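Now for the letters of each chain:
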Amino acid sequence: MKLTLGGYDHTEHLEQGSLILRHYGALRSSIKVTLFLSTPTPHLPAVGEEIQITEEDEVLWGGILVECEWECYDQDRARVVLRGQGYEQILQRYCFPAVTTAELTPSATARYLFETYLNPQDGLSLGEIDEGITTKNSYTFYPAKAASVFDFLAGENGYRWWVDREKKFHMKRALPRTALTLSVDLTEQDETRISDLQTFVFRDTTAGYRNVQYAYNKSGNVDGVARADAGVLTMRSRYGSGEYGAATYSSVIYSEQDAQRIATQVLSESPGTGEVEFTTDDGRFSVGQVIGVCAPICGIRELTNYSVTEIRAVYFYDRFRYTVTARETDAGALSVPTWEEALAQRNLIEAR
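About the criteria used
- Residues numbered from 1 in each chain as written.
- Predicted model: local features only at pLDDT ≥ 70, side-chain atom pairs only at ≥ 80, totals over all residues.
- Heavy atoms only, no water.
- Helix = DSSP H or I, 4+ residues; strand = E, 2+ residues; numbered from the N terminus.
- Rg over C-alpha atoms; globule rule 2.2 N^0.38 Å.
- Buried < 20%, exposed > 50% of the residue type's maximum accessible area, 1.4 Å probe, protein only.
- Contact = heavy atoms within 4.5 Å.
- Core = buried A, V, L, I, M, F, W, Y, C linked by side-chain atoms within 4.5 Å.
- Pairing = 2+ DSSP bridges.

Visitor: Please explain the overall build of the protein chain as it appears in this structure.
Guide: When helices and strands are counted, the protein chain shows six helices and 23 strands. For 352 residues, the compact-globule estimate of 2.2 N^0.38 gives 20 Å, and the protein chain sits close to it at 22 Å. Taken along its principal axes, the extent of the C-alpha atoms in the protein chain is 65 × 55 × 30 Å. Considering the protein chain as a whole, with its 352 residues, one finds that 48% of them fall into the buried category. Looking at the protein chain alone, contacts between residues at least 24 apart form 66% of all its contacts between residues at least 6 apart.

Below, the structure written as structure tokens:
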């Protein structure tokens, strides 16, 4: 494993056990690492530099250094705590000017803004953008963070956007999925189970849960609804109507069919109430991956689909140890928001 800051190798300065990588359900990521530095040091870390973790020339993680905290012992020695964000940080700091577009679909608008207004010196390139809804609008945006504008345009389709470790921008209906099949099986019967399960925690929570989803356009007074009937029945057996509802806005909804399509897309990424967290040295997990979970003592009596929503990796000498969090899913890969994503979206925009 090799750690570089601004192109300089700092692996030898690494405090063992301090390198922590976190990958979140909306394909956001962060790093925290501590270095011991002493003079003479050919390079001192500075915020705004690129951070990369590589292994045999393969980039395991990349991003931008956003915070340094120096604890100085004397004029020659210091302990430095560094924090960074994945390459999506570039879009969180970059501000678009005021823009009015031609009549374009939301996906075409995202493509136009990316190709026209982003500075190529930032090194981002255009990856895959799914077409989405075909209704066209002329959008007017006031000056705003690029991330907020793309949040809005992705939301028009019920989509997500992310920047991968190769600095490619994507906006798609669903998160990328790995074909690898893995399971966490406390009964030790399933052949695909991981063999070095170290800890296992099960939580049952209504946080983020929904089984009724509305989509609407406030301008045209049009709305539609999608329901997860099985989920409603399950929760009704516990209390009341069993309905857990939410609503989302899209300016490209012009019919009830449009609204139902977007509501169904949004609801497909809603997690169930179950959440598991486990630790392992098995590095084959990725955010969005669907795994099987069986834990009869927790009420999970047969293999049930869970989607990985967060991975925390801590480096110890020659290996990573992983803490994996996964939420129950009916439809497939989830993109569960976290407070980090909410923080990134704090600059909300208005578009017309």
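Visitor: Explanation requested: the nonpolar core in the structure shown.
Guide: For soluble globular proteins, the rule of thumb is that nonpolar side chains tend to be buried together. Ranked by size, the top nonpolar core spans 39 residues in total, and within it Leu 91, Phe 150, Leu 153, Trp 161, Phe 169 and Met 171 carry the most contacts. Every element with two or more residues in this core is listed here: helix 1 (89-93), helix 2 (106-117), strand 11 (137-141), helix 3 (146-157), strand 13 (160-163), strand 14 (168-172), strand 18 (222-227) and helix 5 (256-268). Of the residues forming this core, the biggest block, seven residues, is contributed by helix 3. In this structure, Trp 161 is in contact with Ala 26, Arg 28, Glu 88, Leu 91, Ala 147, Phe 150, Asp 151, Ala 154, Phe 169, His 170 and Met 171, ignoring residues within four places of it in sequence. Among the nonpolar cores identified, the runner-up in size contains 38 residues, and Leu 14, Val 33, Phe 278 and Val 308 belong to it.

Visitor: Would you take a moment to explain the pairing of strand 14 for this structure?
Guide: Regular strands have side chains that alternate between both faces of the sheet. Extensive coverage of strand 14 is indicated by the burial of four of its five residues. Two strands pair when backbone bridges link them, and strand 10 (residues 125-129) and strand 14 are joined in this way by three bridges, in the parallel orientation. Directly across from Ile 129, in strand 14, lies its bridge partner Met 171. In this sheet, strand 14 lies alongside strand 13 in antiparallel orientation, the contact comprising four bridges. When the bridges of strand 14 are listed, Trp 162 appears paired with His 170.

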